[in-house]
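Examining the three-dimensional arrangement
Each chain, written out:
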Amino acid sequence: MTEILQVVFDALSLGSLYALGALGIALIFGVMRLVNFAHGDTMAFCVFAMLWPSVDAAAIVFAGNLPAWLLIPFILAVGAGLSVLSEIIVFRRFRNTNPATMMIASFALGFVIRYFLLMLYSSRPKSIDLWSNLGLPVEILGARIPLLQVITIVTAIAILIALTFFLKRTRFGLEMRAAAENFTMARMLGVRANRVIMLAFALSGMLAAAVALILVTQTGTADIQMGGNIMLIAFIATVIGGLGSLPGAVFAGFLIGAIATVMQVVLPPEARPFRDAFVYAAVIATLIWRPNGIFMPKSAKQRV
Amino acid sequence: MTLLSVNDITVRYGRLTALRGASLTLNEGEILFVTGPNGAGKSTLMKAIAGVVKPVGGSIAFRGETISGRSPEDIARMGFSMVPEGREVFGSLTIEENLRLGIGMRADRDQAARDLEMVYSIFPVLLSRRHQHAGALSGGQQQMLVIGRALMAGPKLIAIDEPSLGLAPKVIDDVYQTLVKLRDTIGLTLLIVEQSATRAKLTGGRMILMRSGEVALEGDARELASSDALKQAYFGYGEHGK
């Protein structure tokens, strides 16, 4: 029983990360038909924003020394700021080009951000001690669960509720949902394209920052590659969920988290190192079953 | 007073020329029907005015300001409300959310609330289903919704691409009655695309006939709709088949 509970918490906390990552990608895809591959590098940027630039192995913590109530808003602002700047400087110029062109531009931007970090901080992973006391376990129904896992899950749920409220109950949310479904029609009703897109980028950047904070607390290291893996899985989650569908992205994020965690437990020990092969086989199977994703959004039709 | 003037605009989609030097003027409080066969450029003309497609030549002025080259949202905010062809409802939004989208740019919230009531009184079916997703509506109900939504923006000029498409004759009558009433009461100006001239003949107003991206004929709707010239423009020969 306690073992099952442990697996459930592992699955939920891993799924939370994937779901938040996928949501950041799906939000932008919704309004712009852009898969932003720079999203993972935005996460890395947020982590390094806590450090003073140096090529030493030891991290010189700078903003990371702030108390949590200042550090969290600061990192969220960094994520939102970088993401909005990407829109203004790069993606705005590609707005009416085809999706493949935008995707390549996002890859390129990702490399620019990564090499910028490389220049300032070198490629050596640095260890950071951020809220390490969160690694201590708490006892829930007899199972010993790391506090950080509980916080990760609670944070993800809180973000999902807040975002749902924002999308369903506010004017901005209404405009974003309309723009995601039919951008041209929304504009003909006076919805300002630039404002909606910048807002989507800001939200996406904040989600990247939230994932970055959780990741760095979990791993205790800052690495310029750190966003790459989660970006890949988050992208897969948005595709499985149905590109453009926010509930789909969240659901698929949790699903992949659950599959990965369960496989880690049920696979025979000698197959465990190859777990990811099984996870991606499940991805292929899902896509054969549902080529447009589990939740096919109405807006999936081609846009004029 | 001239509300809208389209001067000699040309629109191309790639190598295809959809409009070649089309012009029209529309005075305040007027009803102008745009008719013509399939592919004559009627919808492209609407899209060009709305700012969705950019003309490569010519200019468009609305309320005395040049609007060609401006963004669709800017043009909408000047009081141009568009009902495009193909019932572009937001299917994942509720009916009320669809209607509320149009209010965003308005400062007069009280009037907007009254307009919402007005739209519901014109189309009672929308009121009874207002919390349902618009995607669940039938084609005719969706048409009512997009017309209602365009009215919610509190426009000076409303342009409707094929309002009678998919509506029952009784509902079409209601829609036209409402539109004409709005023209008479609040001075709404109407630009209506209809493929058939029948409705123009019944409603009256002015009419232009488009053919191959150009304005072929212009005149009083009732006179033009019953003339041989119209048939000639549609079919390429006169009624007596010479």
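Residue numbers here run from 1 along each chain, matching the order of that chain's written sequence. Going through the entries in the order they are written, you letter the chains from A and number the ligands from 1. Given that this is a predicted model, residues contribute local features only at a pLDDT of at least 70 and side-chain atom pairs are listed and counted only at 80 or more, while totals for whole chains, interfaces and linings are drawn from all residues. Processing note: side-chain calculations cover all non-hydrogen atoms of the structure and skip hydrogens and water entirely.

Per an unreviewed UniProt entry, chain B goes by Branched-chain amino acid transport system ATP-binding protein and derives from Gellertiella hungarica. According to the UniProt record, the Sequence similarities (unreviewed entry) comment for chain B is "Belongs to the ABC transporter superfamily." UniProt positions are given in the numbering used here, feature names are shortened, and annotations may be inferred rather than shown by experiment.

As annotated in an unreviewed UniProt entry, chain A is Branched-chain amino acid transport system permease protein from Gellertiella hungarica. One UniProt comment on chain A, placed under Subcellular location (unreviewed entry), says "Cell membrane". Per UniProt, chain A has the following entry under Sequence similarities (unreviewed entry): "Belongs to the binding-protein-dependent transport system permease family. LivHM subfamily."

Things to note about the environment of A:Gly227
A run of H or I in DSSP counts as a helix once it spans at least four residues, and a run of E counts as a strand once it spans at least two, with each numbered from the N terminus. As for its position among the elements, A:Gly227 is in helix H9 (residues 226-241). When the C-alpha positions of A:Gly227 and A:Arg124 are compared, they lie 15 Å apart, and in sequence the two are 103 residues distant.

A word on unusual backbone geometry
In the Ramachandran plot, A:Arg33 falls in the positive-phi region, its phi being about 55 degrees despite a non-glycine side chain. Assignment of secondary structure puts A:Arg33 in the loop between helix H1 (2-32) and helix H2 (39-48). Relative accessibility decides the category of a residue: with a 1.4 Å probe and only protein chains considered, values under 20% of the type maximum give buried, values over 50% give exposed, and everything between is partly exposed. In this structure A:Arg33 comes out as buried when scored by relative accessible area, which is 16%. One non-glycine residue with positive phi stands out, namely B:Arg63, at about 50 degrees. With respect to the helices and strands, the residue B:Arg63 is situated in the loop between strand E4 (57-62) and strand E5 (65-66).

Quick notes on helix H11 (residues 275-289) of chain A
Residue and element names in this part refer to chain A. Given the number of residues in a helix, its expected span is that number minus one, multiplied by 1.5 Å. In a regular helix each residue adds 1.5 Å, so 15 residues correspond to 21 Å; H11 covers 21 Å between its end C-alpha atoms and thus fits that length. When we look at burial in H11, the residues that qualify are Val279, Val283 and Thr286. Viewed end-on, H11 has its buried residues packed into an arc of 65 degrees, placing them on one side of the element. Exposed side chains of H11 directed beyond 90 degrees from the buried face belong to Ala277, Ile284, Ile288 and Trp289. The contact criterion used throughout is that any non-hydrogen atoms of two residues lie within 4.5 Å. Check the buried side of H11 and you find it contacts H9 and helix H10 (246-266). An arc is given here, and it is the one of the directions from the helix axis to the C-beta atoms.

Section: the sheet that holds E5(B)
Residue and element names in this part refer to chain B. Paired strands, as defined in this entry, are two strands with at least two bridges between them according to DSSP. Ordered by their spatial adjacency, 4 strands build an open sheet running E2-E1-E4-E5, and the pairing between neighbours is antiparallel. Pairing within the sheet leaves two strands with one partner each, and these edge strands are strand E2 (16-27) and E5. Where strand E1 (residues 2-13) lies against E4, 5 bridges are found, and the strand directions are antiparallel. Bridging from a neighbouring strand, Asn7 pairs with Ser59 of E4. In this analysis, axes come from line fits to C-alpha atoms, helices being fitted only over the stretch in contact, and the angle between any two N-to-C directions falls in the range 0 to 180 degrees. Contacts between helix H1 (residues 42-50) and the sheet are confined to E1, E2 and E4, with E1 contributing the most and set at about 115 degrees to the helix.

Quick notes on the side chain of A:Ser86
Residue and element names in this part refer to chain A. Relative to the assigned elements, Ser86 resides in helix H3 (residues 68-89). Under the rule applied, a polar contact is a pair of N or O atoms within 3.5 Å (in protein, one hydrogen donor and one hydrogen acceptor; residues adjacent in sequence only if both atoms are side-chain atoms). From its side chain, Ser86 meets the backbone oxygen of Leu82 in a polar contact 2.8 Å long. In this structure Ser86 touches Phe91 and Leu109, once residues within four positions along its chain are discounted.

Side note on the pairing of strand E7 (residues 157-161) of chain B
All names here are of chain B. Burial within E7 is extensive, with 5 of its 5 residues counted as buried. A two-sided burial pattern is seen for E7, the buried positions comprising Leu157, Ala159 and Asp161 on one face and Ile158 and Ile160 on the other. In terms of strand pairing, strand E6 (residues 80-83) meets E7 through 4 bridges, oriented parallel. Pairing of Met82 across the sheet is with Ala159, part of E7.

Describing the packing of H3(A) against helix H8 (residues 193-219) of chain A
All names here are of chain A. At a minimum axis distance of 7 Å, the contact between H3 and H8 shows a crossing angle of 135 degrees. For the element pair H3 / H8, the angle class is oblique. In this structure, H3 meets H8 at a crossing whose hand is right-handed. In this structure, H3 uses Ile72, Ile75, Leu76, Gly79, Ala80, Ser83, Val84, Glu87 and Ile88 to contact H8, whose residues at the interface are Ile197, Met198, Phe201, Ala202, Gly205, Met206, Ala209, Ala210 and Leu213. As a working rule, the residues Ala, Val, Leu, Ile, Met, Phe, Trp, Tyr, Cys and Pro are called nonpolar, Asp, Glu, Lys and Arg charged, and the rest polar, with Gly in that last group. Residues that form the contact of H3 with H8 fall into these classes: 14 nonpolar, 3 polar and 1 charged. Relative orientations are named as follows: roughly parallel for angles under 35 degrees, roughly antiparallel for angles over 145 degrees, roughly perpendicular for angles from 65 to 115 degrees, and oblique for any other angle. Throughout, a crossing is termed right-handed when the near helix is turned clockwise from the far one, and left-handed when it is turned anticlockwise from it by less than a right angle.

Some remarks on the packing of H9(A) against H10(A)
All names here are of chain A. For the pair H9 and H10, the least separation of the axes is 7 Å and the interaxial angle reads 120 degrees. Classified by the interaxial angle, the pair formed by H9 and H10 is oblique. Judged by the twist between their axes, the crossing of H9 over H10 is right-handed. In this structure, H9 contributes Ile233, Ile236, Ala237, Thr238, Ile240 and Gly241 to the contact, and H10 contributes Gly248, Ala249, Ala252, Gly253 and Ile256. Looking at the contact of H9 with H10 residue by residue, the class counts come to 7 nonpolar, 4 polar and no charged.

Things to note about the interface of chain A and chain B
One frequent convention defines the size of an interface as the accessible area lost when the parts assemble. Contacts between the two partners involve 20 residues from chain A, matched on the other side by 22 residues from chain B. Both faces combined, the contact of chain A with chain B buries some 2000 Å², and carbon together with sulfur accounts for 59% of it. A side-chain nitrogen of Lys or Arg and a carboxyl oxygen of Asp or Glu constitute a salt bridge if their distance falls within 4 Å. For the interface between chain A and chain B, the tally reads 2 salt bridges. Here B:Glu73 and A:Arg187 are joined by a salt bridge, their closest N and O atoms 2.6 Å apart. Here the quantity called buried area is the total loss of accessible area, with a 1.4 Å probe, experienced by two parts when brought into contact, counted for both.

A look at the sheet that holds strand E10 (residues 214-220) of chain B
Residues and elements named next belong to chain B. Sheet architecture is open: 6 strands sit in the order E6-E7-E8-E3-E9-E10, paired in mixed fashion. Of all strands in the sheet, those bounded by a partner on one side alone are E6 and E10. On average, each strand axis in the sheet is tilted by 15 degrees relative to the strand beside it, whichever way the strands run. In the packing of helix H6 (residues 139-152) onto the sheet, the strands contacted are E6 and E7, and the crossing angle to E6 comes to about 175 degrees. Set on the sheet, helix H7 (residues 169-186) makes contact with strand E3 (31-35), E7 and strand E8 (189-193); between it and E8 the angle comes to about 150 degrees.

Quick word on the side chain of B:Thr44
Residues and elements named next belong to chain B. In this structure, Thr44 sits in helix H1. Given a relative accessible area of 9%, Thr44 falls into the buried group. Not counting residues up to four positions away in its chain, the partners in contact with Thr44 are Val11, Tyr13, Ala18, Leu19 and Val53.

A word on the pattern of salt bridges
One side chain can pair with another of opposite charge once the charged atoms of both are near each other. Considering all chains together, one arrives at 17 salt bridges over all chains under this definition. Measuring nitrogen to oxygen at the nearest pair gives 3.0 Å for the salt bridge that ties A:Asp41 to A:Arg114. Residue A:Asp41 is located in helix H2, and its partner A:Arg114 is located in helix H4 (residues 99-121); the two are separated by 73 residues in the primary sequence. The residues A:Asp41 and A:Arg114 share a single accessibility class, namely buried. Between B:Glu97 and A:Arg177 there is a salt bridge, with the nearest N and O atoms lying 2.8 Å from each other. Highlighted residues: B:Glu97 in helix H3 (residues 95-101) and A:Arg177 in helix H6 (residues 171-181), drawn from two different chains. The same class applies to B:Glu97 as to A:Arg177, namely buried. One network of salt bridges, with partners in common, ties together A:Glu87, A:Arg92 and A:Arg95.

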